[in-house]
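Okay, here's what each chain looks like letter by letter:
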Amino acid sequence: MFVRFVRSLATQATPKLQDVTIIGGGPAGLTLLTALKTSPNLKHLKCTLVEGFSLNKVRDFYLDPPTDYTNRIVSLTPKSIEFMNKLGSWDYIHEDRVKDYDGITAYDSQDASARMLLDITSIGQDTLASMCEVINIQSSLLARLEELKQVESDESNTDASSAGFDILDGTKVVEIVSPAETLVDLENHDLNQPDPTVGNSKLDWPVVKLSNGESIQTRLLIGADGYNSPVRKFAEIESRGWAYNRFGVVACIKLQYEDFRSVGWQRFLTTGPLAILPLTEDNATIVWSSTPQLSELLLKVNEAIFPHLVTAGMVLEEVDLNYIYKVLEKDPNDFSVLKEIEWRLSKFKARDLEENYPLPVVELVPNTRARFPLKMSHADTYIAPRVALIGDAAHTIHPLAGQGLNMGQTDVAALINALEKGVSRGMDIGSTLVLEEYVANAWPGNHVLLGACDKLHKIFSTDFYPLVVARGLGMKSLNYFDDVKGVMMKMISGR
Ligand SMILES: Cc1cc2nc3c(=O)[nH]c(=O)nc-3n(C[C@H](O)[C@H](O)[C@H](O)COP(=O)(O)OP(=O)(O)OC[C@H]3O[C@@H](n4cnc5c(N)ncnc54)[C@H](O)[C@@H]3O)c2cc1C
Ligand SMILES: *[C@@H]1O[C@H](CO)[C@@H](O)[C@H](O)[C@H]1NC(C)=O
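Residues numbered from 1 in each chain as written. Chains lettered and ligands numbered in written order. Predicted model: local features only at pLDDT ≥ 70, side-chain atom pairs only at ≥ 80, totals over all residues. Heavy atoms only, no water.

1. Section: the packing of helix H1 (residues 27–38) against helix H12 (residues 404–424)
Okay, step 1: Two elements in contact, H1 and H12, have axes separated by 9 Å at closest approach and are oriented at 30 degrees. Classified by the interaxial angle, the pair formed by H1 and H12 is roughly parallel. Where H1 crosses over H12, the handedness of that crossing is right-handed. Each of Pro-27, Ala-28, Thr-31, Leu-32, Ala-35 and Leu-36 in H1 lies in contact with H12, whose residues at this interface are Leu-405, Gln-409, Val-412, Leu-415, Ile-416 and Leu-419.
Okay, step 2: The class makeup of the residues in the contact of H1 with H12 is 10 nonpolar, 2 polar and no charged. (Axes fitted to C-alpha atoms, helices over the stretch in contact; angles between N-to-C directions. Helix = DSSP H or I, 4+ residues; strand = E, 2+ residues; numbered from the N terminus. Parallel < 35°, antiparallel > 145°, perpendicular 65-115°, else oblique. Left-handed = near helix turned anticlockwise from the far one by under 90°. Contact = heavy atoms within 4.5 Å. Nonpolar A, V, L, I, M, F, W, Y, C, P; charged D, E, K, R; others polar.)

See the structure below:
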C-alpha cells in the first residue's frame, strides 16, 4: 500500500499540523517529497503531499506497465538522472522504456541548407539526453517513497529521526487561507495535541482546506501544483509571460525500422518546430508545435494518414504542406493526399532522404494523440513567507529544448539545499530568510533558459525573408563554431 489514509477526528476547527505540505503529485511534487525524506537533515520533518487526481494508474505502472508507450514523454538531462540516482528513485525506473540519444539534427524549412548537427560524441560525452515517460518517472518516485516508508515503519520504535509522510491523492485543495481568517478556529485548538512548533508562533501558518473536509495547517506550503498554481495565487505572486497561440501536438509513432543512429530530429516550420525523438526499437515520439487550426487538424486527421503527414512535415516544402493541409481540412479522411505526398517525396534523391532526414513514419500508436497549449511564463519570485513554488507552478517553457521537467528537478535540488542550511542553523524553514537562498540559486538560471527558448521560437516561426537569411547564416556558422554549438548542447543536456 502506497497511501496510508489518516482518518483522524480532525475537523476544520482543529487542522492537522504539518511541517511541509506539498500541493501537486506531478514530477516536481513527488521529487521534492522523495528528496525531503532521503535528506538526513530534513527527514524528521512531517510532510503531506496532496494530489487532486488518483495516482492509482501511476502505482500500477511500476508492477504492470502497459505494452505500448504512453504519450507524455520528456527529454531528461543527464543531470536530472544523476539527481534521481542520488535520491534512490532511478533504481525503480523501467529502464527498458528509457532511450538515450546522442544528437539532434536541427534544420530549417525555409532554407534546406541551414542545418545544425548537435552531436554530443563530438565533445567526448556519450549521452545528450534520455527520453522517458513522465509516468515512469512518477511511478519510480512513488516506489522509492514506499520503500522509505517501509524502512521507517521497521525502525519506528528505535529511530525517531524520521517523522513519516502521507500522500493524499484523489483529494483536491479547495481553499487556502491565511491564519488571520481562522483565528477563531485557532482559539479552539486542542492544546493537548503535540505541537511541532515549540517556541514558534503558529499564527502565520497557512491553512489548506481539502475536498475530504479535513484541513492542514503548515509551517511551509509548497506549490508544485502546475501552471494554474492555486498556491501561487494564494501567495499573490505575479507570473508574467504569454501564451504562444500555439499547441504542442504529441503522439507515439512507429518508424519504418529501428534507427541505429539514436538521434533526434527537429525541423523549424513557420508554424512551429516539429520534432521526432527516438524511443526503444522502432518506437518514437513526436512533438509538433503548431497553430490552433493546424493542431486541430492533426488530431482529427485519419489515423492511417497521420504517419505520412508527419513524414511530409519533416521533408516537404511549406507550400506543399499548406496545400495538403487544405485538402485535409475539407476531408480529414481524404486518402488522395497519400499519393500527393508520395509523388513529392519521389522528387528527392533516395540517398539525400536516407542521410539527411529521419526514417519514414509508418504507424500511429492508437490513442496517443493529444495537444497542449504552449506558454511561456515566469513567476516574479518563487517564495513568500511560508510558501515556495517549484516546477511548472514557477515557470512554463516552450518545449523546443525539452527543459520543463528538468527545470523542476533543478528547483528541487536548490530548495533542498536552502532548507538543509536553514535546519542546520536552527532556523524556521518557513521563513523567507531560509527560502531566499532558493530563489537566488534557481531563478536566474531558469530565466536565462526561458529567454533562450523564447527567442529561438520567435526567430524560427516566421518566413520574413531577412530573418530567414539571418538565421540561415546563424545555423551555418553554428556548424563551424563549436563553442556556440557547445552552448546549445549544454542547454539540452543540462551540463
Ligand atoms: C508538449 C509538451 C512537451 C514537453 N516536453 C518536455 C521535455 O521534452 N522535457 C521536459 O523536461 N519537459 C517537457 N515538458 C514539460 C513538462 O511536461 C512539465 O514541465 C512537467 O510535467 C511539470 O511538472 P510539475 O510537477 O511541475 O507540474 P504538473 O505535472 O502540472 O503537476 C501539477 C499537479 O498538481 C495537481 N494540482 C493542481 N491543482 C491542484 C489542487 N487544487 N488540488 C490538488 N492537486 C492539484 C495537478 O493535478 C497535477 O498533478 C513538455 C510539456 C509539453 C506541454
Ligand atoms: C517498441 O517496439 C517494439 C517492436 O515494435 C515492441 O516490441 C516494444 O514492446 C515497444 N516498446 C514499448 C515500450 O512499447
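2. A few points about the confidence of the model for the chain
Okay, step 1: Taken over all residues, the pLDDT of the chain has a mean of 87, while the share at 70 or more is 82%.
Okay, step 2: Note that pLDDT drops below 50 for residues 1–12; the model gives that stretch 24 contacts with residues more than four away or on any other chain.
Okay, step 3: Considering only residues more than four positions removed or in separate chains, one finds that residues 479–484, a stretch of pLDDT under 50, has 5 contacts. (pLDDT = per-residue confidence, 0-100.)

3. Some thoughts on helix H3 (residues 78–87)
Okay, step 1: Every buried residue of H3 is listed here: Pro-78, Ser-80, Ile-81, Phe-83, Met-84 and Leu-87.
Okay, step 2: Count one or two residues on from H3 and you reach Gly-88, which has phi positive near 85 degrees. (Buried < 20%, exposed > 50% of the residue type's maximum accessible area, 1.4 Å probe, protein only.)

4. Things to note about the site of ligand 1
Okay, step 1: In the neighbourhood of ligand 1, 27 residues make up the surrounding shell, with Glu-51, Arg-72, Ser-75, Asp-392 and Leu-405 lying closest.
Okay, step 2: Within the contact set of ligand 1, an oxygen atom lies 2.7 Å away from a side-chain nitrogen or oxygen of Glu-51.
Okay, step 3: One nitrogen or oxygen atom from the main chain of Ser-75 is found 2.9 Å from an oxygen atom belonging to ligand 1.
Okay, step 4: For ligand 1, whose free accessible area comes to 1000 Å², the fraction covered by protein is 83%.
Okay, step 5: Considering every element that reaches the shell around ligand 1, the biggest residue donor is H12, with 3 residues.
Okay, step 6: Its residues assigned to classes, the shell around ligand 1 shows 11 nonpolar, 11 polar and 5 charged. (Near = heavy atom within 4 Å. Polar contact = N/O pair within 3.5 Å; in protein donor to acceptor, adjacent residues only side chain to side chain. Areas by Shrake-Rupley, 256 points an atom, 1.4 Å probe, with all protein chains shown as cover.)

5. Here we look at the nonpolar core
Taken as a class, soluble globular proteins show a tendency for nonpolar side chains to be buried jointly.
Okay, step 1: Of all hydrophobic cores here, the largest spans 71 residues; its most connected members are Leu-36 and Tyr-438.
Okay, step 2: With 37 residues, the next largest nonpolar core counts Ala-251, Trp-265, Trp-288 and Ile-324 among its residues. (Core = buried A, V, L, I, M, F, W, Y, C linked by side-chain atoms within 4.5 Å.)

6. Considering the site of ligand 2
Okay, step 1: Around ligand 2, a shell composed of Thr-67, Asp-68, Tyr-69, Arg-97, Lys-254, Thr-280, Glu-281, Asp-282 and Asn-283 is seen.
Okay, step 2: In isolation ligand 2 has 360 Å² of accessible area, and contact with the protein removes 67% of it.
Okay, step 3: Its residues assigned to classes, the shell around ligand 2 comprises 1 nonpolar, 3 polar and 5 charged.
Okay, step 4: Residue assignment places the shell around ligand 2 across two domains, with domain 1 (16–94 + 136–237 + 381–461) and domain 2 (244–372) each supplying three or more. (Domains from an automatic or database assignment.)

7. Some remarks on the sheet that holds strand S4 (residues 99–101)
To summarise the sheet geometry, strands pair through backbone hydrogen bonds and adopt either a parallel or an antiparallel arrangement.
Okay, step 1: Taken in spatial order, the 3 strands of this open sheet run S3-S7-S4, and their pairing is antiparallel. Both edges of this open sheet fall to strand S3 (73–76) and S4, since each of them pairs with a single strand only. Neighbour to neighbour, the strand axes of the sheet diverge by 25 degrees on average, direction disregarded.
Okay, step 2: Direction of pairing for S4 relative to strand S7 (residues 129–133): antiparallel, over a ladder of 3 bridges. From the neighbouring strand, Asp-100 faces S7, where its bridge partner is Ser-130. (Pairing = 2+ DSSP bridges.)

8. Quick word on the packing of aromatic side chains
Okay, step 1: A full pass over the atoms with the stated rule returns 4 aromatic pairs.
Okay, step 2: Aromatic rings pair up to connect Tyr-107, Phe-348 and Tyr-357 into one cluster.
Okay, step 3: Between the NZ or CZ atom of Lys-149 and the centre of the ring of Phe-165, over which it lies, the distance is 4.3 Å.
Okay, step 4: Positioned above the aromatic ring of Phe-306 is the side chain of Arg-369, whose terminal nitrogen or guanidinium carbon lies 5.1 Å from the ring centre. (Phe/Tyr/Trp six-rings, centres within 6.5 Å; stacked < 30°, edge-to-face > 60°. Lys NZ or Arg CZ within 6 Å of the ring centre and 35° of its normal.)

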